[in-house]
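# Structural features, examined
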Amino acid sequence: IIYSLCETIIMAVVEDLIIAAKQLSHICDKAIKQIEQNTIVAHATNPLNYAWQHHEQYLENWGGLGAKTLLLGMNPGPWGMAQSGVPFGSTDIAKTLLKVKPFQLATPINAHPKRPIIGLDLERQEISGQRLWSLMFDYYGGGPAVFSNIFVVNHCPLLLLGETGKNLTPDNLPAAVMKPVLDACDNHLKRVVEIMGIERIIGVGKYAEKRARLAFNAEKNGNGTTSGGREIIITSCWHPSPASPLANRNEGADWRANVISVLENR
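What comes next is a walk through the structure. (Residues numbered from 1 in each chain as written. Predicted model: local features only at pLDDT ≥ 70, side-chain atom pairs only at ≥ 80, totals over all residues. Heavy atoms only, no water.)

Attention now moves to the pairing of strand β3 (residues 150-154). Taken across its 5 residues, β3 has 5 buried, putting it largely inside the fold. In this sheet, β3 lies alongside strand β2 (residues 69-73) in parallel orientation, the contact comprising 5 bridges. Within the sheet, the bridge partner assigned to L70 lies in β3 and is F151. (Buried < 20%, exposed > 50% of the residue type's maximum accessible area, 1.4 Å probe, protein only. Helix = DSSP H or I, 4+ residues; strand = E, 2+ residues; numbered from the N terminus. Pairing = 2+ DSSP bridges.)

Written out as C-alpha cells, the structure is:
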C-alpha cells in the first residue's frame, strides 16, 4: 500500500510538471515571431517544442523523486538543451547519466543555418552542462540520490541566437518585448516550486537569482514567499560557463568548491 501511494504521488508530480512545461512552451511559441521582429534575435527556437520527447523523459525519469532544492539556469545554449531538451544537457550526459533515449528531432524552419538540430547524436559537448551535471553526480551519487536532492530548470526555454549564431540571453533584449515571455517564465517557476514543494532556489549565476527574486517578490538579501505563505530561500552559485573566469579558476576547483558550499549552506 505504501509503495503504491508513493508511486501515485510521483506520477501526480510528474504529470503536473509536464502540464506546466507544455503551457510555458505554448506561450513561448506564440512569442517567437515578435521576438525575431523586434529584437536583435535573428533565430528564436523552442526546445520544449521540437525536443519535447527528450524533455518529457527528463521530467518522467527524475521529476518526482522529492527534490527540495531547485537549480535555476537562464536559457538554453546551442550545444546543450537545444539538442538534448534538458537544462544544461550536454548530449553525452543526457544519454548516459540522465537516461534520455534519443529521438530524431526536426530542425525548426526558423533555426539558424549554422546551428542545426542534430539531437543526442551531436558530438560537441556543452561544457557548462558537463561541469554542472558531473558535479551533481559526483557529489550525490547516482541518479536517484541526485534527484532526491536537486532538480534543474531553465527560467526561459528559448534558444536565442543573433545573425552570426551568437547565443543571446533574455536580459540583453528589450524588456517591453520580452515581458510577456518572462512573465510566463516567472509563473512557470512558481508553478514548479508549488508542484515539487521546493524550499530553496539556487540561481546558477546572478541573472537566474535575480529572476527568482523578481518572481517571488524577494528583497535583494531576503527570501521569497510562495502564494501559500511558505518561505523560499533564494541564493546563487557561480555559473559553470567556460567564458567565466571564476568557473575556470584553479582548473575549475574553485567553482566546484563554490557550488558545494552553496549546496551545503542551509
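What follows is about the environment of N187. By the secondary structure assignment, N187 is in helix α8 (residues 175-196). Taking the C-alpha atoms as reference, N187 lies 8.6 Å from L24; in sequence the two are 163 residues apart.

Moving on, we come to the sheet that holds strand β7 (residues 231-237). Read from one edge to the other, the open sheet built from 5 strands follows the order β3-β2-β5-β7-β6, with strand pairing classed as mixed. A single partner strand is all that each edge strand has here, and the edge strands are β3 and β6 (224-225). Pairing of strand β5 (residues 200-204) with β7, which is carried by 5 bridges, proceeds in the parallel orientation. Looking at β7, one finds that V204 is bridged to C237. Contacting β2, β3, β5 and β7, α8 runs over the sheet at an angle of about 160 degrees to β2. (Contact = heavy atoms within 4.5 Å. Axes fitted to C-alpha atoms, helices over the stretch in contact; angles between N-to-C directions.)

Moving on, we come to the packing of aromatic side chains. Given two aromatic rings, their pairing is described by the distance between the two centres and the angle made by the two planes. Within the structure shown, the criterion is met by 8 aromatic pairs. Seen in terms of ring centroids, Y58 and F147 are 6.2 Å apart; in terms of plane orientation they differ by 75 degrees. Their pairing is edge-to-face. Pair noted here: Y58 is in helix α3 (residues 52-62) and F147 is in helix α7 (residues 143-147), with a separation of 89 residues, a long-range link. Y58 sits in the buried class, given a relative accessible area of 0%. Assessed through its relative accessible area of 0%, F147 is described here as buried. A ring pair is formed by Y58 and F151, whose centres lie 4.9 Å apart and whose planes are at 15 degrees; its orientation type is stacked. (Phe/Tyr/Trp six-rings, centres within 6.5 Å; stacked < 30°, edge-to-face > 60°.)

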